[in-house]
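Residue-level listing of the chains:
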Amino acid sequence: MWRRLAIVLAVLGSIHLYIWWRFVAAPELPAPWSVLATLAIALAAPCLPLAMFVVRRMSRARAKPLLWLAYVWFGCALYLFLAAALSQLACALAGVSPRTTALAGVAAALATVAYGLVQARRGPIVRRVRVPL
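Below or above, wherever it landed, is the structure these notes cover. (Residues numbered from 1 in each chain as written. Predicted model: local features only at pLDDT ≥ 70, side-chain atom pairs only at ≥ 80, totals over all residues. Heavy atoms only, no water.)

A separate point is the overall build of the protein chain. When its secondary structure is counted, the protein chain shows five helices and zero strands. Along the protein chain, from the amino end to the carboxyl end, the secondary structure elements read α-α-α-α-α. The C-alpha atoms of the protein chain give 18 Å as radius of gyration, which overshoots the globular expectation for 133 residues (14 Å, by more than 25%). With the C-alpha coordinates of the protein chain rotated into their principal frame, the extents come out at 55 × 45 × 30 Å. Relative to its full complement of 133 residues, the protein chain shows a buried share of 25%. In the protein chain, the proportion of contacts linking residues at least 24 apart, taken out of those at least 6 apart, comes to 64%. Total accessible area computed for the protein chain in this model is approximately 10,000 Å², and 71% of it derives from carbon and sulfur atoms. (Helix = DSSP H or I, 4+ residues; strand = E, 2+ residues; numbered from the N terminus. Rg over C-alpha atoms; globule rule 2.2 N^0.38 Å. Buried < 20%, exposed > 50% of the residue type's maximum accessible area, 1.4 Å probe, protein only. Contact = heavy atoms within 4.5 Å. Areas by Shrake-Rupley, 256 points an atom, 1.4 Å probe, with all protein chains shown as cover.)

Before going further, it helps to spend a moment on helix α2 (residues 31–44). Note on helix geometry: an α-helix contains 3.6 residues per turn, so any two residues three or four positions apart are oriented the same way. Across its 14 residues, α2 extends 20 Å between first and last C-alpha, which sits within 8% of the 20 Å expected from 1.5 Å per residue. By the burial criterion, the buried members of α2 are Ser34, Ile41 and Ala44. For α2, the angular spread of buried residues about the axis comes to 115°, placing them on one side. For α2, the exposed residues set more than 90 degrees away from the buried face come down to Ala31, Pro32, Leu36 and Leu43. Looking at the packing, one finds that the buried side of α2 touches α1 (2–25), α3 (47–54) and α4 (60–94). (Expected span 1.5 Å × (residues − 1). Arc of directions from axis to C-beta.)

Phi is positive for Glu28, which is not a glycine, with a value near 50°. Tracing the chain through its elements places Glu28 in the loop between α1 and α2.

Packing of α4 against helix α5 (residues 98–122) leaves a shortest axis separation of 8 Å and a crossing angle of 145°. As for how α4 packs across α5, the hand of that crossing is right-handed. Contact residues: α4 offers Trp68, Val72, Gly75, Cys76, Tyr79, Leu80, Ala83, Ser87, Ala90 and Cys91, while α5 offers Pro98, Thr101, Gly105, Val106, Ala109, Leu110, Thr112, Val113 and Leu117. (Axes fitted to C-alpha atoms, helices over the stretch in contact; angles between N-to-C directions. Left-handed = near helix turned anticlockwise from the far one by under 90°.)

For the rest of this paragraph, the subject is the packing of aromatic side chains. This model, assessed by the stated rule, comprises two aromatic pairs. Arranged with centres 5.8 Å apart and planes meeting at 40°, the rings of Tyr18 and Trp21 form a pair that is tilted. On the criterion of helical spacing, the pair formed by Tyr18 and Trp21 is a turn pair, its members being three residues apart in helix α1. Both rings, one in Tyr18 and one in Phe81, keep their centres 5.7 Å apart while their planes meet at 70°; by these two values the pair is edge-to-face. Here Tyr18, found in helix α1, pairs with Phe81, found in helix α4; they are 63 residues apart in sequence, far enough to count as distant. Residue classification places Phe81 among the partly exposed residues on the basis of a relative accessible area of 29%. An aromatic cluster of three or more residues is present, and its members are Tyr18, Trp21 and Phe81. Over the ring of Trp21 we find Arg22, and its NZ or CZ is 5.4 Å from the ring centre. (Phe/Tyr/Trp six-rings, centres within 6.5 Å; stacked < 30°, edge-to-face > 60°. Lys NZ or Arg CZ within 6 Å of the ring centre and 35° of its normal.)

Shown next as structure tokens:
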């Protein structure tokens, strides 16, 4: 079990490091923004693994907000990871500046997460369909 946990933590840590590298270090953000972004990524990185251990001892009602936060960040991190990979590709192939691709990538990831949260809040759309047999 410890080996699997170490692998999962290494993968999650590497993803967060890559997100930091593409969106904070590569575009050379100014001092207050780079420090805030670094702190946000460093504090959010262990959110999902910690939530998985902490909620085991909580009731479902108490664990719900913590799990919501962990899963939203995990989804946001996945979209930021995809945006980081695409921004690196754009920098390499099209010669676009890292700052421009970083801003576009973060905006696209946050817009996607916001759209997903709105759609999840609305609930599923149920359609009744008659199926002839």
